[in-house]
Amino acid sequence: MTLSLVLAAFCLGIASAIPKLDQAFDAQWDQWKSTHRRLYGANEEGWRRAVWEKNMRMIELHNGQYSQGKHSFTMAMNRFGDMTNDEFKQVMNGFQHQKHKKGKMYQEPLLLQLPKSVDWRKKGYVTPVKNQGQCGSCWAFSATGSLEGQMFRKNGELISLSEQNLVDCSRAQGNQGCNGGLMDFAFEYIKENKGLESEKSYPYEGKDGSCKYKPELSVANDTGFVDIPQREKTLMKAVADIGPISVAMDAGLMSFQFYKEGIYYDPDCSSKDLNHGVLLVGYGIEESESESEENEYWLIKNSWGLEWGAEGYVKIARNRNNHCGIATAASYPTV
């Protein structure tokens, strides 16, 4: 469903039931509209403002509870502020968790000494945070991120790879462009295609298009992919041993829509209902004010731009029953 249809359906549903707006929010609303360049028609602004105001109140309530020690992360208003959670999930979550051709299974290294923390950004494996826009192409960003790391590991050169190449060209493998896909299907396409272009030669447009791949401009390739068993300890070993890993997660909750910083833990986050592809770039332990308590986390690169989260990153609770499904569908390309 296109965004316009989602918005139209939403508009018809609540246009006649706009709650009374709080004038105390007027200045913040005007600033938010200016920052995010929102222009509404006369019939739309009222209910958009109502949605935004409801989200703002929820964020303020959550952060008040955070200051009382009831949560491990904060929330903040962002560009998703005038979207209902249903709209947000429809537009932003494009991972399609389904049965697919399996890759090789990851074999744990026997003598690996697991470090206490890993951050592949510090080793040069990770490109800057990107923005998928209003296109369900998260799977493509996760796939390029993992391949960028493996190509750097192989050649010592970090090249930003083309998500648009994957969006436009990997339908035969099972991906559906802005309507979703799988990282493993992307790796399969790259192998069968014998290459992938760079971001520079095949720039991102954030919409479906016809395939314009040029073999002579290919800068990366893979020979297949490896799936990682659904165990957090095994995933720890893989990310320490291999580099950035493509993972999927449940990113559909409102608490994630407006996540800002801290270790994300929401008891409603599913380990099975996965809807978003992201890049696992490390893990660590965040010490709390109580010296006896240590909080373990996965370090995740998202594809919603720098404004969302901690400059585009999120820490997900680790070793808490596979929270949000980080270990459920992890894989990486072989090069």
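Throughout, residues of each chain are indexed from 1 in the direction in which the sequence is written. Residues qualify for local features only when their pLDDT is at least 70, as the model is predicted, and side-chain atom pairs are given and counted only at 80 or more; totals for whole chains, interfaces and linings, by contrast, use all residues. Hydrogen atoms and water are omitted, and side-chain values are computed over all heavy atoms in the structure.

Looking at an unreviewed UniProt entry, the chain carries the name Cathepsin L1, with the source organism given as Octodon degus. UniProt positions are given in the numbering used here, feature names are shortened, and annotations may be inferred rather than shown by experiment. For the record of the chain, the UniProt heading Subcellular location (unreviewed entry) holds the text "Lysosome".

Chemist: I'd love a proper account of the nonpolar core, names of residues and values included.
Modeler: By size, the foremost hydrophobic cluster in this structure holds 60 residues, and its most contacted members are Leu235, Ile245, Phe256, Tyr264, Trp298, Ile300 and Ile316. Should any heavy atoms of two residues lie within 4.5 Å, those residues are counted as being in contact. Excluding residues that lie within four positions of it along the chain, Phe256 makes contacts with Met249, Ala251, Tyr264, Asn302, Trp304, Trp308, Val314 and Ile316. For this analysis, a nonpolar core means a set of buried residues of the types Ala, Val, Leu, Ile, Met, Phe, Trp, Tyr and Cys, connected via side-chain atoms within 4.5 Å. Exposure classes here rest on a 1.4 Å probe applied to the protein chains alone. A residue is buried below 20% of its type maximum, exposed above 50%, and partly exposed in between. Grouped together as the second largest cluster of nonpolar side chains are 25 residues, Cys138, Ala143, Leu161 and Leu182 included.

Chemist: Could you give me a rundown of the state of the cysteines, with the residues and numbers involved?
Modeler: Each disulfide is one covalent bond, formed between the sulfur atoms of two cysteines. In this description, the term disulfide denotes a pair of cysteine sulfurs within 2.5 Å. For the structure shown, the criterion picks out 3 disulfides. Cysteine pairing for the chain (bonded cysteines numbered in sequence order): 1-3, 2-4, 5-6. Lacking any disulfide linkage, Cys138 is separated from the closest cysteine sulfur, that of Cys135, by 8.9 Å.

Chemist: Talk me through the pattern of salt bridges; I want residue IDs and the actual numbers.
Modeler: The salt bridge criterion pairs a side-chain nitrogen of Lys or Arg with a carboxyl oxygen of Asp or Glu, the two atoms within 4 Å. Within this structure, the stated rule accounts for 18 salt bridges. The salt bridge involving Asp168 is made with Lys212; its shortest N-O contact spans 3.6 Å. Taken together, the residues span a long stretch of sequence, with Asp168 in helix H6 (residues 163–169) and Lys212 in the loop between strand S4 (196–197) and strand S5 (218–220) at a distance of 44 residues. Since its relative accessible area comes to 39%, Lys212 is described here as partly exposed. The network of salt bridges with shared partners includes Asp26, Arg49, Glu53 and Arg57. For helices the rule is a DSSP run of H or I covering at least 4 residues; for strands it is a run of E covering at least 2, with both sets numbered from the N terminus onward.

Chemist: Tell me about helix H4 (residues 85–92), and name the residues and values.
Modeler: Residues separated by three or four positions in an α-helix point in the same direction, a consequence of the helix having 3.6 residues per turn. Taken residue by residue, H4 has Asn85, Glu87, Phe88, Val91 and Met92 as its buried positions. In an axial view of H4, the angular spread of the buried residues amounts to 155°, which keeps them on one side of the axis. Summarising the geometry, the arc corresponds to the directions from the helix axis toward the C-beta atoms.

Chemist: Quick one: what's the story with the packing of aromatic side chains, residue by residue and with numbers?
Modeler: Pairing of aromatic rings covers Phe, Tyr and the six-membered ring of Trp, with a centre-to-centre limit of 6.5 Å; geometry is then stacked below 30 degrees between planes, edge-to-face above 60, and tilted otherwise. Across all of its chains, the model carries 21 aromatic pairs by this definition. Seen in terms of ring centroids, Trp29 and Tyr40 are 5.8 Å apart; in terms of plane orientation they differ by 5°. Their pairing is stacked. Of the two residues, Trp29 is situated in helix H2 (residues 26–35) and Tyr40 in the loop between H2 and helix H3 (45–67); the sequence distance between them amounts to 11 residues. Here Tyr40 falls in the buried class, since its relative accessible area comes to 17%. On the basis of an interplanar angle of 35° and a centroid distance of 6.1 Å, the ring pair of Phe73 and Tyr259 is categorised as tilted. With Phe73 in strand S1 (residues 73–75) and Tyr259 in strand S8 (residues 259–264), this residue pair connects regions lying 186 residues apart in the sequence. The burial state of Phe73 is the same as that of Tyr259; both residues are buried. Pairwise contacts between aromatic rings join Phe73, Phe80, Phe88, Phe256, Tyr259, Tyr264, Trp304 and Trp308 into one cluster. Throughout this description, the term charge over a ring refers to an Arg CZ or Lys NZ atom that lies within 6 Å of the ring centre and within 35 degrees of the ring normal. Of note, Arg121 hangs over the ring of Tyr313, and the distance from its end group to the ring centre comes to 4.4 Å. Positioned over the ring face of Tyr297 is Lys315, at 4.6 Å from the centre of the ring.

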